[in-house]
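Single-letter residue listing:
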Amino acid sequence: MKLQHIKKQLFTVALTTVAMGAMAQSLNSAYYTEDYKFRHDLNPAYGNDQNYISIPALGNVSVNTHGNFGYQDVVMNNPMYGVENGAKKMTTFMNPYISTSDALDGFSTGNNRITGDVNIALLSAGFKGFGGYNTIEVNAKTSFGIALPYELFEFAKNTGNNSYDIGDIRAHAMSYGELALGHSRQINKKLRLGAKLKFLFGIARADVEMNDVKADLTANDKWLISAKAKANMSMKGFCYKQETKEYNDPSKGEYEYVNDVDVDGAGLSGFGMAIDLGGEYKINDSWTVNASVLDLGFMHWSNNMQAANRQDTFVFDGFTDMDVKQGNGNEVFDDKADKYGDQLADFANLTDEGDQGSRTTGIGATINVGASYKLPCYKKMTFGFLSSTRIKGAYSWTEGRLSANWAPLKWLDGGVNFAVNSFTASMGWVLNIHPKGYNLFIGMDHLLGKMSKECIPLSSNASVAVGMNITW
């Protein structure tokens, strides 16, 4: 059992565990686009000059991903392509012909994260009345995130006998429906406030983690790998599918491990509530400040299907106590290899532990704080700054965005912006067309960069939002 094989085994286990798991952010580029119909999703104090109703499932569709590593960091050009017969053009960063410095250059020395969400407005409407502006929304939302420590990639790449304190590996995915009722109104000439009440209908949530992962390979006569792995899944009709196998040592009998999942009669498995709160204060004709708190709430799930590894430590000490033939007081190679195979099965595989009962989780809150300046000599131009902070444990992030917004016509506005966040720097834009009777908008918080031949963005940062609505 070679060292490189052990490393690849653990790295594969980690990524497989993450894959079992898989931000309710809107278009931040449009925060200061005054007649962008869904500004109330960014700050519930905002209203619109027009009433609107969305075209079902097409009124507001947004997809966002953020990350500090991506496809281009994991999949690289193979230096042996064209040199070695049968070598493929692309390979992974673990290829021994790629230097360690080049292979690990794209990974952060802290946590390497990818987060994202998809939001689809199944139906949305906004109208003036009751002394202010009112909104009704039915949305479908999905969010996901992974967090991988730098030491995991370092361990997978390096071939030396070192000690690795890899840390914690995290993955998360959640899907739910939302019914939101909002109202905003002008309190006085300077202050406008708004709030939104949200009823949440949980479809599924998965949380996968490997805690306190360590690999001590420094000793010449013993290797030790330890980790506590656990998967929690809340979804109606969900269950883990297990396969039964015999241990290599017949005296140990059989063991079961999770090798698939099954869903029978999926439906709602959770219920929750959340609120959005927001305000806007006009200092003078040029300066305005604003703030909002979004998705402040919880989800209560009716079940929690859990799987965990049976054994949290794997020790390989077979360097000096194995013989090919019986007779010297040591174990025969085949017997010892079988023993390690059994240990590795207990360490690497997850076992179904059944339904652990209900659980309550957060959904991830966002705080927006900003200010805008309207040119006194040309009121069609507004400059704005927006600070956004996402609070979601290992998947938290912050962003600052500076924008220039232009409304050359009553039915046309938009802008461009520049942002720096926890992951990268980006350029964004938005175009909003809203003559009486119709609204079309399209925008990006992050421009799409280069893509692979499989149409996969080389960077994990991407954003697009588009919508069509009827106005009056």
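Details of the structure are given in the entry above.
Residues numbered from 1 in each chain as written. Predicted model: local features only at pLDDT ≥ 70, side-chain atom pairs only at ≥ 80, totals over all residues. Heavy atoms only, no water.

## Focus: the pattern of salt bridges
Taken as a whole, this structure holds 14 salt bridges when the rule is applied. Here K37 makes a salt bridge to D35, at a shortest N to O gap of 3.5 Å. Accessibility classification places K37 together with D35 in one group, the buried group. For K196, the salt bridge goes to E137, with nearest N and O atoms at 2.9 Å. Taken as a pair, K196 in strand 8 (residues 191-216) and E137 in strand 6 (residues 132-149) lie far apart in primary sequence, 59 residues in all. Owing to a relative accessible area of 3%, K196 belongs among the buried residues under this scheme. (Salt bridge = Lys/Arg side-chain N within 4 Å of Asp/Glu carboxyl O. Buried < 20%, exposed > 50% of the residue type's maximum accessible area, 1.4 Å probe, protein only. Helix = DSSP H or I, 4+ residues; strand = E, 2+ residues; numbered from the N terminus.)

## Section: the layout of surface pockets
Considering only enclosed or pocket space, the largest pocket measures out at about 640 Å³ in volume. Together, 24 residues line the largest pocket, and E34, R39, E280, T288 and K374 are the ones closest to its centre. Broken down by secondary-structure element, the contributors of at least two residues to the lining of the largest pocket are strand 6, strand 12 (270-282) and strand 20 (365-374). Broken down by element, the residue count for the lining of the largest pocket peaks at three residues, all from strand 20. For the lining of the largest pocket, the class distribution of residues is four nonpolar, eight polar and twelve charged. (1 Å grid on protein atoms, 1.4 Å probe; cavity = no way out; pocket = protein on both sides within 12 Å on 5 of 7 lines; lining within 4 Å. Points joined across faces, edges and corners; volume = space filled by probe spheres on them. Nonpolar A, V, L, I, M, F, W, Y, C, P; charged D, E, K, R; others polar.)

## Structural notes on the nonpolar core
Counting residues in each nonpolar core, the largest one holds 45 residues, and the members touching the most others are F69, F93, F107, L148, F153, M233 and Y240. Considering every element that reaches this core, the biggest residue donor is strand 9 (residues 223-235), with seven residues. (Core = buried A, V, L, I, M, F, W, Y, C linked by side-chain atoms within 4.5 Å.)

## Topic: unusual backbone geometry
The residue D212 is not glycine, and still its phi comes out positive at about 55 degrees. Residue position: D212 is located in strand 8. At D295, a residue that is not glycine, the phi angle is positive and equals roughly 60 degrees. Looking at the element boundaries, D295 is found in strand 13 (residues 287-301). Among the residues examined, D295 registers a relative accessible area of 4% and is labelled buried.

## Some thoughts on a nonpolar patch on the surface
Residues L197, F271, M273, I275, L277, L296 and F298 make up a contiguous nonpolar surface patch of about 560 Å² in total accessible area. Those elements giving two or more residues to the nonpolar patch turn out to be strand 12 and strand 13. If one sorts the elements of the nonpolar patch by residue count, strand 12 sits on top with four residues. Note that F298 resides in strand 13. Residue classification places F298 among the partly exposed residues on the basis of a relative accessible area of 38%. (Patch = residues over 30% accessible without salt bridge, like charges linked within 9 Å, V, L, I, M, F, W, Y side chains within 5 Å. Areas by Shrake-Rupley, 256 points an atom, 1.4 Å probe, with all protein chains shown as cover.)

## Some remarks on the pairing of strand 20
Pairing of strand 13 with strand 20 involves eight bridges; the strand directions are antiparallel. For N290, the partnering residue across the bridge sits in strand 20 and is G370. Relative to strand 21 (residues 381-391), strand 20 runs antiparallel, the two being bridged by ten bridges. Of the residues in strand 21, the one forming a bridge with Y373 is F383. Between strand 20 and strand 21, which pair antiparallel one after the other, the connecting turn spans six residues. (Pairing = 2+ DSSP bridges.)

## Quick word on the pairing of strand 7 (residues 163-186)
Alignment of strand 6 against strand 7, held across 15 bridges, turns out to be antiparallel. Opposite V138, over in strand 7, you have L179 as the bridge partner. The sheet contact formed by strand 7 and strand 8 spans 22 bridges and is antiparallel. Paired with A171 across the bridge in strand 8 is V208. Linking strand 7 to strand 8, which pair antiparallel, is a turn of four residues.

## Focus: helix 4 (residues 150-157)
The element helix 4 is extensively covered by neighbouring structure, given that six of its eight residues are classed as buried. Among the residues of helix 4, Y150, L152, F153, F155, A156 and K157 are the ones counted as buried.

## A few points about the side chain of N51
Within the element layout of this structure, N51 appears in the loop between helix 1 (3-21) and strand 1 (52-54). Taking relative accessible area as the criterion, N51 reaches 14% and is therefore assigned buried. A polar contact is formed between the side chain of N51 and the backbone nitrogen of K128, at a distance of 2.9 Å. Non-local contacts of N51, meaning those with residues more than four positions away in its chain, are made with G126, F127, K128, Y133, I470, T471 and W472. (Polar contact = N/O pair within 3.5 Å; in protein donor to acceptor, adjacent residues only side chain to side chain. Contact = heavy atoms within 4.5 Å.)

## Quick notes on the environment of D165
Its location among the elements puts D165 in strand 7. For D165, a relative accessible area of 51% gives the class exposed. When the C-alpha positions of D165 and E151 are compared, they lie 7.1 Å apart, and in sequence the two are 14 residues distant. Ignoring sequence-local partners within four residues, the contact set of D165 consists of E151, D212, V213 and K214.

## Examining the packing of aromatic side chains
If you walk through the whole model with that rule in mind, you get 17 aromatic pairs. Both rings, one in Y36 and one in F441, keep their centres 5.0 Å apart while their planes meet at 85 degrees; by these two values the pair is edge-to-face. Of the two residues, Y36 is situated in the loop between helix 1 and strand 1 and F441 in strand 25 (residues 439-444); the sequence distance between them amounts to 405 residues. Between the aromatic rings of Y255 and Y257, the centroid separation amounts to 6.1 Å while the plane-to-plane angle is 35 degrees, which identifies the pairing as tilted. By relative accessible area, Y255 is classed as buried at 11%. Members of the aromatic cluster, joined through ring pairs, are Y36, F38, Y52 and F441. The residue whose ring lies beneath R39 is Y46, and the NZ or CZ to ring-centre distance is 3.7 Å. The residue whose ring lies beneath K252 is Y247, and the NZ or CZ to ring-centre distance is 4.4 Å. (Phe/Tyr/Trp six-rings, centres within 6.5 Å; stacked < 30°, edge-to-face > 60°. Lys NZ or Arg CZ within 6 Å of the ring centre and 35° of its normal.)

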